[in-house]
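So you can see what is in the structure, the chains are spelled out below.
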Amino acid sequence: MTIVIEQPGSGIEVERKKSENDEKELVIKNGGGFAVPNSNTFGHNFRDYDVASARQEGVENFYRTNHIYQTYDFVKKMREEYAKLNRAEMSIWECCELLNEVVDESDPDLDEPQIEHLLQTAEAIRKDYPHEDWLHLTALIHDLGKVLHLPAFGGLPQWAVVGDTFPVGCAFDPSIVHFKYLKENPDFNNPEYDTKYGVYSEGCGLDNVMMSWGHDDYMYLVAKGNHTSLPSAGLFVIRYHSFYALHRAGAYKYLMNKEDKENLKWLQIFNKYDLYSKSKVRIDVEKVKPYYLSLINKYFPSKLKW
Ligand SMILES: O[C@H]1[C@H](O)[C@@H](O)[C@H](O)[C@@H](O)[C@H]1O
Ligand SMILES: [Fe+2]
Ligand SMILES: [Fe+2]
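These numbers were taken from a predicted model, which means no experiment stands behind them. (Residues numbered from 1 in each chain as written. Chains lettered and ligands numbered in written order. Predicted model: local features only at pLDDT ≥ 70, side-chain atom pairs only at ≥ 80, totals over all residues. Heavy atoms only, no water.)

(A) Seen up close, the overall build of the chain. In terms of regular secondary structure, the chain is built from 10 helices and seven strands. Residues counted as buried form 55% of the 306 residues belonging to the chain. (Helix = DSSP H or I, 4+ residues; strand = E, 2+ residues; numbered from the N terminus. Buried < 20%, exposed > 50% of the residue type's maximum accessible area, 1.4 Å probe, protein only.)

Written out as structure tokens, the structure is:
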């Protein structure tokens, strides 16, 4: 799948074109509806991790713990453990409902239950990209991995579930939120990991890179392990949506391969809706539910292993 962005930034309309080898080619065009708000619900800039606010201290404490404990060894263990998918059986929608219980301690911009955020993101992106149904569904499910915090899924602490993600196994980039706390991470001075490439190599592809453990990679494992038919761009969005050092700051680009670079364009579009749709405006769940159920039915089996 090839993606051509004509005017990156607020790309809004997508056209499908036939390419020579008859594969569908997605062409992203600019011009669309979603207006990025000037400030978040609390009257501050989005993702301002330093401004004094009701959430600032809790968020900073969250990152302190997250940065100390997310080591290469920890991530490796978690990936192996959760790839087993032996904790629960349920549908995608059941999981959306479970998320009603979870409030994300890492988020300076939102203090609503997660189900609101899922629907706000999906509905906003649906308005601007009406024909990309895979993107609507990707938005709906991108944060479902936060169930890791619930007892039935291991009751992981927030630092192992939410927050921005970053590669482990190579040097931490200073653009990572609250970078200073990474200096207390045991990997920080480990000679195996503290160089630009660490255990990786140029262009090795993100699929070969271990990311700090949390809801992104977990949901990717669930989607992949249950044989979703979502396109690779959808899986990429799910897996790397918290990797702000890459999709915002442009760090770690040298680890990407060709496919990653194509998929990154979709992630950057998605991020606008993920971040800026956070608000107190509620979505009528019952009204939109039939539409999302039809998408779930199209791209996933009725019951999934979690
Ligand atoms: O869902 C989470 C959450 O909103 C965090 O605050 C943010 O740091 C992550 O990137 C995101 O994936
Ligand atoms: Fe997320
Ligand atoms: Fe999100």
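(B) Examining the coordination of the iron ion (ligand 3) more closely. Looking at the iron ion (ligand 3), one finds its protein donor set to be His117 (NE2), His142 (NE2), Asp143 (OD) and Asp274 (OD), positioned 2.1 to 2.3 Å from the metal centre. Coordination geometry of the iron ion (ligand 3): the four donor atoms subtend angles of 83 to 169° at the metal centre, consistent with an arrangement described as irregular. Counting gaps between the donor residues of the iron ion (ligand 3) yields the pattern H-x24-H-D-x130-D. Relative accessible area serves as the criterion here: at 3%, Asp143 is assigned to the buried category. (Donors = N, O, S within 2.8 Å, 3.2 Å for Na, K, Ca; no water. Tetrahedral: all angles 85-135°; square planar, octahedral: opposite > 155°, others 65-115°.)

(C) A look at the coordination of the iron ion (ligand 2). Those donors, Asp143 (OD), His215 (NE2) and His241 (NE2), are the protein atoms that reach the iron ion (ligand 2), and they lie 2.0 to 2.2 Å from it. Judged by relative accessible area, His241 falls into the buried class, the value being 3%.

(D) How the structure looks around the nonpolar core. Within the largest apolar cluster, 95 residues are counted, with the highest numbers of intra-cluster contacts made by Ile92, Leu140, Ile141, Leu144, Trp213, Phe300 and Trp306. Per-element tally for this core: the top contributor is helix 9 (residues 258-276), with eight residues. (Core = buried A, V, L, I, M, F, W, Y, C linked by side-chain atoms within 4.5 Å.)

(E) Broad picture of the packing of aromatic side chains. For the coordinates displayed, the defined rule picks out 21 aromatic pairs. These aromatic residues form a ring-pair network of at least three members: Phe34, Tyr129, Trp134, Trp266 and Tyr273. Here the basic side chain of Arg239 rests over the ring of Tyr220, its NZ or CZ set 3.8 Å away from the ring centre. (Phe/Tyr/Trp six-rings, centres within 6.5 Å; stacked < 30°, edge-to-face > 60°. Lys NZ or Arg CZ within 6 Å of the ring centre and 35° of its normal.)

(F) Helix 5 (residues 133-141), seen in detail. Here helix 5 lies mainly inside the structure; nine of its nine residues are buried. For helix 5, the full list of buried residues reads Asp133, Trp134, Leu135, His136, Leu137, Thr138, Ala139, Leu140 and Ile141.

(G) Inspection of the UniProt feature "binding site: Fe cation" (unreviewed entry) in the chain at higher detail. UniProt tags His117, His142, Asp143, His215, His241 and Asp274 as "binding site: Fe cation" (unreviewed entry). Position of His142 relative to the elements: it lies in the loop between helix 5 and strand 5 (167-168). Within polar-contact distance, the side chain of His142 engages the side chain of His117 at 3.3 Å. With respect to the helices, strands and loops of the structure, Asp143 is situated in the loop between helix 5 and strand 5. Ignoring any residue separated from it by four or fewer positions in sequence, one finds Asp143 in contact with Leu99, Gln114, His117, Leu118, His215, His241 and Asp274. Among the polar contacts made by the side chain of Asp143, one reaches the side chain of His142 at a distance of 3.0 Å. (UniProt positions renumbered as here; feature names shortened; annotations may be inferred. Polar contact = N/O pair within 3.5 Å; in protein donor to acceptor, adjacent residues only side chain to side chain. Contact = heavy atoms within 4.5 Å.)

(H) Here's a closer look at the UniProt feature "binding site: substrate" (unreviewed entry) in the chain. Listed under "binding site: substrate" (unreviewed entry) in the UniProt record, and renumbered for this structure, are Arg47, Asp104, Glu105, Ser106, Lys146, Gly163, Asp164, His241 and Ser242. Position of Arg47 relative to the elements: it lies in the loop between strand 3 (24-30) and helix 1 (56-69). Apart from residues lying up to four places away in sequence, Arg47 is in contact with Pro108, Asp109, Asp164, Val177, Tyr244 and Leu275. Structurally, Asp164 is set in the loop between helix 5 and strand 5.

(I) Layout of the site of ligand 1. Taken together, 13 residues lie near ligand 1, and Asp104, Ser106, Lys146, Asp164 and Ser242 sit nearest. Within the side chain of Tyr63, an N or O atom sits 3.3 Å from an oxygen atom of ligand 1. In this structure, Ser106 approaches ligand 1 through a side-chain N or O atom, which is 2.9 Å from an oxygen atom. About the coverage of ligand 1: the protein hides 97% of its 290 Å² of free accessible area. (Near = heavy atom within 4 Å. Areas by Shrake-Rupley, 256 points an atom, 1.4 Å probe, with all protein chains shown as cover.)

(J) Spotlight on the pattern of salt bridges. Applying the stated criterion to the full structure yields 18 salt bridges. When the shortest N-O distance is used, the salt bridge between Lys298 and Asp133 registers 2.7 Å. Of this pair, Lys298 sits in helix 10 (residues 285-299) while Asp133 is found in helix 5, placing the two residues 165 residues apart along the sequence. With its nearest N and O atoms 3.4 Å apart, the salt bridge here joins Asp143 to Lys146. Shared partners join several salt bridges into a network, and the residues in it are Arg79, Asp207, Asp217 and Arg239. (Salt bridge = Lys/Arg side-chain N within 4 Å of Asp/Glu carboxyl O.)

(K) Inspection of the packing of helix 6 (residues 215-225) against helix 7 (residues 232-240) at higher detail. Between helix 6 and helix 7, the least distance of the axes is 6 Å, while the angle of their chain directions is 150°. Judged by the inter-axis angle, helix 6 sits roughly antiparallel to helix 7. Between helix 6 and helix 7, the contacting residues are Asp216, Asp217, Met219, Tyr220, Ala223 and Lys224 on the first element and Leu235, Ile238, Arg239 and Tyr240 on the second. Taken together, the residues of the contact of helix 6 with helix 7 sort by class into six nonpolar, no polar and four charged. (Axes fitted to C-alpha atoms, helices over the stretch in contact; angles between N-to-C directions. Parallel < 35°, antiparallel > 145°, perpendicular 65-115°, else oblique. Nonpolar A, V, L, I, M, F, W, Y, C, P; charged D, E, K, R; others polar.)

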